[in-house]
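Summary of the model geometry
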Amino acid sequence: MSKFKRYVWAEIGIEFKACLYFFAFLFYVCMFWLIKGEYSVSILHMAEMILSTYIMGYVQVFVLDNFDESEKITPKTIGCILLCTMIYTVLHYVLNWTDHSVVSNGGFFLYVLVCYVSVFWVYRLKRKMDTEVLNQDLENFKKTLD
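Now for a quick tour of the structure. (Residues numbered from 1 in each chain as written. Predicted model: local features only at pLDDT ≥ 70, side-chain atom pairs only at ≥ 80, totals over all residues. Heavy atoms only, no water.)

Brief notes about the environment of glycine 107
Considering the arrangement of structural elements, one finds glycine 107 in helix α4 (residues 102-145). When the C-alpha atoms of glycine 107 and threonine 89 are compared, they prove to be 9.5 Å apart, with 18 residues separating the residues in sequence. Filtering out sequence-adjacent residues up to four positions away, glycine 107 remains in contact with Tyr28 and Val102. (Helix = DSSP H or I, 4+ residues; strand = E, 2+ residues; numbered from the N terminus. Contact = heavy atoms within 4.5 Å.)

The structure is reproduced here in structure tokens:
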């Protein structure tokens, strides 16, 4: 694959991750404020969330070897998940997306952790399904050659 194609492929992955994590974080923040009786979320907070997910997407892909798309969970994968979860939790606290309570920040930490593990398993399941489809296509192709 050419450098340009690899770059475009990485950009598509980063775009997808940014949207996925932004939606997950926005959902958490919206549910938090909804439970507290508020019916709006700051546009500034949403901008901070999407910007942070884009930056973390680049970090995940280019610095942390795209750990959430790895084949299996290794100690390195666990470390990367914990590192990114902590970074997002610090951003959540510093940028005050909800409030500075231990409950909201601890809940956000656990939520992000569950998001990362879920994304890891979804990517794994997708690879398994893609492999099955490709193997079936190969079998069908072999039959056409006979």
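Observations concerning unusual backbone geometry
Not every positive phi belongs to a glycine, and aspartate 65 is a case in point at roughly 55 degrees. Structurally, the position occupied by aspartate 65 is in the loop between α2 (43-63) and α3 (75-94). One non-glycine residue, asparagine 96, adopts positive backbone phi at about 55 degrees. Taking relative accessible area as the criterion, asparagine 96 reaches 28% and is therefore assigned partly exposed. (Buried < 20%, exposed > 50% of the residue type's maximum accessible area, 1.4 Å probe, protein only.)

Focus on the packing of aromatic side chains
Aromatic rings considered in pairs are described by the distance between their centres and by the relative angle of their planes. The tally for this structure, following the rule as stated, stands at 13 aromatic pairs. What links up through ring pairs into an aromatic cluster is the set Tyr21, Phe25, Tyr28, Phe67, Tyr88, Trp97, Phe108, Tyr111 and Tyr116. (Phe/Tyr/Trp six-rings, centres within 6.5 Å; stacked < 30°, edge-to-face > 60°.)

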